[in-house]
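Now for the letters of each chain:
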Amino acid sequence: TQLLEQSPQFLSIQEGENLTVYCNSSSVFSSLQWYRQEPGEGPVLLVTVVTGGEVKKLKRLTFQFGDARKDSSLHITAAQPGDTGLYLCAGALDTDKLIFGTGTRLQVFP
Amino acid sequence: DARVTQTPRHKVTEMGQEVTMRCQPILGHNTVFWYRQTMMQGLELLAYFRNRAPLDDSGMPKDRFSAEMPDATLATLKIQPSEPRDSAVYFCASGLAFRSKDLTYEQYFGPGTRLTVT
């Protein structure tokens, strides 16, 4: 059973454009993490959000945790080719087990 | 620069053969995870250990998969016998869970073992 749905599944954009990736679930999570994975590598943690409504910024990336802690979004401003990769959200269900989302594959063209 | 290491990086084997994948977690981390990633299923948790003791292996097919931590510097995932449906990238990750039950600690992933079973 897939608990975390991400949209869109694929995204191809030009350098300089903005984009938003969504992560949705019917389950409530104690925390939610966003990872980026590049080809041939393991996922790398970008951010952890814990509180409902929380917003965190990491340079051009803005992460938001839904008020009900069931959903999250990742917004990238002025995307660059270096942002290319697979973006994964992962929710913690009151244990240290993470449930990973379906993933969004982003391609940013110069 | 502390990293999780995994060996081998690639493995091609025939159906029915035994496969052993190894992971060296980051020194000092007390929790080790095994994940499997496929295009169809995404990233799935197979098993994890805390202080070398198995805490959960409910994601792992018990009849053919086994996971162990012979010591704090080595985790192994074994498949016997292997089947074509086991073809995937297998990731090991480690993290440091604090006594205060902080559930938001970071997991550091290794580069993965790409397994192909023909």
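Residue positions are given per chain, counted from 1 along the sequence in the order it is written. A letter from A marks each chain and a number from 1 marks each ligand, given out in the order of writing. With the structure being a predicted model, the display of local features is reserved for residues of pLDDT at least 70 and the display and counting of side-chain atom pairs for 80 or more, all residues being used for whole-chain, interface and lining totals. Excluding hydrogens and water, the side-chain values take into account all heavy atoms of the structure.

### Considering the overall build of chain B
Here comes step 1: For the purposes of this entry, the term helix denotes a DSSP run of H or I that reaches at least four residues, the term strand denotes a run of E that reaches at least two, and both are numbered from the N terminus. From N to C terminus, chain B includes zero helices and eleven strands.
Here comes step 2: Each helix and strand of chain B, placed in order from N terminus to C terminus, yields the pattern β-β-β-β-β-β-β-β-β-β-β.
Here comes step 3: Relative to a compact globule of 118 residues, whose C-alpha radius of gyration would be 13 Å, chain B shows 14 Å and is just as compact.
Here comes step 4: Each principal axis of the C-alpha distribution contributes one length, and for chain B these read about 45 × 30 × 30 Å.
Here comes step 5: With a 1.4 Å probe rolled over the protein chains alone, any residue whose accessible area is under 20% of its type maximum counts as buried; one over 50% counts as exposed, and the rest are partly exposed. Taken over 118 residues, chain B has a buried fraction of 46%.
Here comes step 6: What makes two residues a contact is simply this: any of their non-hydrogen atoms within 4.5 Å. Contacts in chain B between residues far apart in sequence, at least 24 positions, make up 56% of those at least 6 positions apart.
Here comes step 7: Accessible surface is estimated by sampling points in the Shrake-Rupley manner with a 1.4 Å probe; for residues, cover comes only from the protein chains shown. Roughly 6,200 Å² of accessible area belongs to chain B as shown, and the carbon and sulfur atoms make up 50% of that amount. Radius of gyration means the value over C-alpha atoms here, while the globule rule gives 2.2 Å times the residue count to the 0.38 power.

### Describing the sheet that holds strand 7 (residues 61–65) of chain A
All names here are of chain A.
Here comes step 1: DSSP bridges decide pairing: two strands pair if at least two such bridges lie between them. Pairing is antiparallel in the open sheet, where five strands are placed in the order 1-3-8-7-6. A single partner strand is all that each edge strand has here, and the edge strands are strand 1 (5–7) and strand 6 (55–58). Going from strand to strand, the sheet's axes swing by 15 degrees on average, the running direction of each strand aside.
Here comes step 2: In this sheet, strand 7 lies alongside strand 6 in antiparallel orientation, the contact comprising four bridges. Bridge pairing in strand 7 places Leu58 opposite Leu61. To define axes, lines are fitted to C-alpha atoms, for helices over the stretch in contact only, and angles between the resulting N-to-C directions are given on a 0 to 180 degree scale.

On their own, these measurements won't tell you what the molecule is for.
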